Amino acid sequence: MSSASLEGNGRPSPPFTAPPNYAFPHHRLDLLQRYPDKQPIVLVACGSFSPVTYLHLRMFEMAVDYVRQNTDFEVMGGYMSPVSDQYKKPGLLSALHRVNMCTLATEQTSQWLMVDPWEAFQSYQRTAVVLDHFDHEINTVLGGAQMPSSGERRHIRVVLLAGSDLISTMSEPGVWSEKDLDHILGKYGTCIIERAGSDMDHATEALARWRHNIFLVPQLIQNDVSSTKVRLFLRRGLSVRYLLPAPVVEYIGEHTLYIDDASGFDKKDKEKERAKDDAWRRAGASTPSSTA
Ligand SMILES: Nc1ncnc2c1ncn2[C@@H]1O[C@H](COP(=O)(O)OP(=O)(O)OP(=O)(O)O)[C@@H](O)[C@H]1O
Ligand SMILES: NC(=O)c1ccc[n+]([C@@H]2O[C@H](COP(=O)(O)O)[C@@H](O)[C@H]2O)c1
């Protein structure tokens, strides 16, 4: 990463390209440390959020409880970073809709979560680069955390928040580069939320050298809501109320999203999604069972 330099106005110039009219959201970021003995951190969840569900929001609450009870960290803020349209994942709705839904979910159901649209509204950015962007905005531009008595500034550590299914892809060949893994897990670290169907031990087996920076958060109440299942429900005309925040359900209805499976799908993806629907129908199941 290139280091930031000072512009004529004395502000550090960003070492990254930003989308037009972009401003880093920090209206809910707490820069004043309450517990000076603890290390300040910010949680960042990267993903599709197509659409955002209560489980995405729950991940942050689970992480905060875990951090408070088991670590010497103090959580100063939490961000969702929806991935760019260029990620080309089946079922990926336009970045604008995904960012809007995440914003409704965070602004209307939480007091501390925020959505950063930096990644969403530009070319695809690797997770290592996304975390560098947060580090730059929080520490270089905003100056990090402030100690209550002395006013001394402290570096805020950015920590990746992810489900165990995402972390298990870190052991799959060709998905993450070794250099990026070392950057993400060596410099930043990750809070991993247990996810039904994805074994935590298996997910972290190959990541043992970064063990000291990996925090495993058990899911004490099993909940396997996924965006895939929500999309399946919507396509079949079933209710998704109480799986997603109410304003997000309303937004989906107003914009008739996910009803027509043409949204974000190419022909091959469409066939895959139809096969999932057919399998579900053949099984006579009352709820979809696929998590992929
Ligand atoms: N039920 C869940 N339990 C734990 N982690 C979850 C859960 N749902 C989503 N996550 C995590 O949230 C992050 C963003 O996930 P993403 O947007 O891909 O949601 P998803 O429900 O897995 O989507 P899709 O079904 O479209 O693959 C990932 O780190 C993922 O592991
Ligand atoms: N090499 C990488 O940086 C890399 C690889 C795979 C997934 N990811 C990220 O993980 C997230 C995965 O999201 P999904 O679970 O929705 O596929 C996305 O934010 C994506 O950018 C990053």
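Described in the following lines is the structure provided in the data block. None of these values were measured; they are calculated from a predicted model.

### Details of helix α2 (residues 95-109)
Its 15 residues place the ends of α2 21 Å apart at the C-alpha level, agreeing with the 21 Å of an ideal helix rising 1.5 Å per residue. Of all the residues in α2, the buried ones are Ala95, His97, Arg98, Val99, Met101, Cys102, Ala105 and Thr106. Residues of α2 that are buried in the fold lie against α1 (54-70), β4 (73-82), β5 (113-115) and α8 (246-254).

### What to know about the pairing of β4
Along β4, 9 of the 10 residues are buried, which leaves the element largely enclosed by surrounding structure. Pairing between strand β3 (residues 39-47) and β4: 9 bridges, direction parallel. Residue pairing for β4: Cys46 is matched across the bridge by Ser81. In this structure, β4 lies alongside β5, joined through 3 bridges in parallel fashion. The residue bridging Tyr79 from the neighbouring strand is Met114, located in β5.

### Quick word on the layout of surface pockets
Its volume calculated, the second largest pocket comes out at about 330 Å³. For the lining of the second largest pocket, the elements supplying multiple residues, two or more each, are α1 and β4. A total of 5 residues in the lining of the second largest pocket trace back to one element, the largest contributor, which is β4. Classifying every residue of the lining of the second largest pocket gives 7 nonpolar, 1 polar and 6 charged.

### Remarks on the packing of aromatic side chains
Counted according to the given criterion, the structure contains 7 aromatic pairs. An angle of 80° between the planes, with centres 5.8 Å apart, marks the rings of Phe16 and Trp118 as edge-to-face. Taken together, the residues span a long stretch of sequence, with Phe16 in the loop between β2 (12-13) and β3 and Trp118 in the loop between β5 and α3 (127-141) at a distance of 102 residues. Here Phe24 and Phe134 contribute two aromatic rings whose centre-to-centre distance is 5.9 Å and whose plane-to-plane angle is 75°, an arrangement assigned as edge-to-face. Of this pair, Phe24 sits in the loop between β2 and β3 while Phe134 sits in helix α3, and the two are 110 residues apart along the sequence. Neither residue differs from the other here; Phe24 and Phe134 are each classed as buried.

### Considerations on the packing of α2 against α8
Axis separation between α2 and α8 bottoms out at 8 Å; the angle between their running directions is 150°. By the angle between their axes, α2 is roughly antiparallel relative to α8. At the point where α2 passes α8, the crossing takes the right-handed sense. Residue-level contacts link His97, Asn100, Met101, Leu104, Ala105 and Gln108 of α2 to Pro247, Val248, Tyr251 and Ile252 of α8. Here the contact of α2 with α8 is built from residues that sort into 7 nonpolar, 3 polar and no charged.

### Points about the site of ligand 2
Taken together, the residues surrounding ligand 2 are Cys46, Gly47, Ser48, Val83, Tyr87, Lys89, Tyr124, Arg126, Thr127, Leu166, Val175 and Trp176. Within the side chain of Ser48, an N or O atom sits 2.4 Å from an oxygen atom of ligand 2. For ligand 2, an oxygen atom lies 3.0 Å from a polar atom in the backbone of Thr127.

### Considering unusual backbone geometry
Backbone geometry follows two general trends: most residues other than glycine have a negative phi, and most peptide bonds adopt the trans configuration. Residue Pro51 is reached from Ser50 by a cis peptide bond, and omega for that bond is 0°. Inspection of the secondary structure puts Pro51 in the loop between β3 and α1. The phi dihedral of Phe49 falls on the positive side, at around 50°, and the residue is not glycine. With a phi angle near 75°, Tyr242 is a residue other than glycine that sits in the positive phi range. Tracing the chain through its elements places Tyr242 in the loop between α7 (227-235) and α8. The class for Tyr242 is exposed, based on a relative accessible area of 72%.

### Thoughts on the environment of Thr169
Looking at the secondary structure, you find Thr169 in the loop between α4 (164-168) and α5 (178-188). With a relative accessible area of 18%, Thr169 lands in the buried category. Put simply, Thr169 and Ala63 are 106 residues apart on the chain and 20 Å apart in space, counted from C-alpha to C-alpha. Apart from the residues within four sequence positions on either side, Thr169 is in contact with Val175 and Trp176. Within the structure, the side chain of Thr169 is placed 2.9 Å from the side chain of Trp176, a separation counted as a polar contact.

Criteria and cut-off values
- Residues numbered from 1 in each chain as written.
- Chains lettered and ligands numbered in written order.
- Predicted model: local features only at pLDDT ≥ 70, side-chain atom pairs only at ≥ 80, totals over all residues.
- Heavy atoms only, no water.
- Helix = DSSP H or I, 4+ residues; strand = E, 2+ residues; numbered from the N terminus.
- Expected span 1.5 Å × (residues − 1).
- Buried < 20%, exposed > 50% of the residue type's maximum accessible area, 1.4 Å probe, protein only.
- Contact = heavy atoms within 4.5 Å.
- Pairing = 2+ DSSP bridges.
- 1 Å grid on protein atoms, 1.4 Å probe; cavity = no way out; pocket = protein on both sides within 12 Å on 5 of 7 lines; lining within 4 Å.
- Points joined across faces, edges and corners; volume = space filled by probe spheres on them.
- Nonpolar A, V, L, I, M, F, W, Y, C, P; charged D, E, K, R; others polar.
- Phe/Tyr/Trp six-rings, centres within 6.5 Å; stacked < 30°, edge-to-face > 60°.
- Axes fitted to C-alpha atoms, helices over the stretch in contact; angles between N-to-C directions.
- Parallel < 35°, antiparallel > 145°, perpendicular 65-115°, else oblique.
- Left-handed = near helix turned anticlockwise from the far one by under 90°.
- Near = heavy atom within 4 Å.
- Polar contact = N/O pair within 3.5 Å; in protein donor to acceptor, adjacent residues only side chain to side chain.

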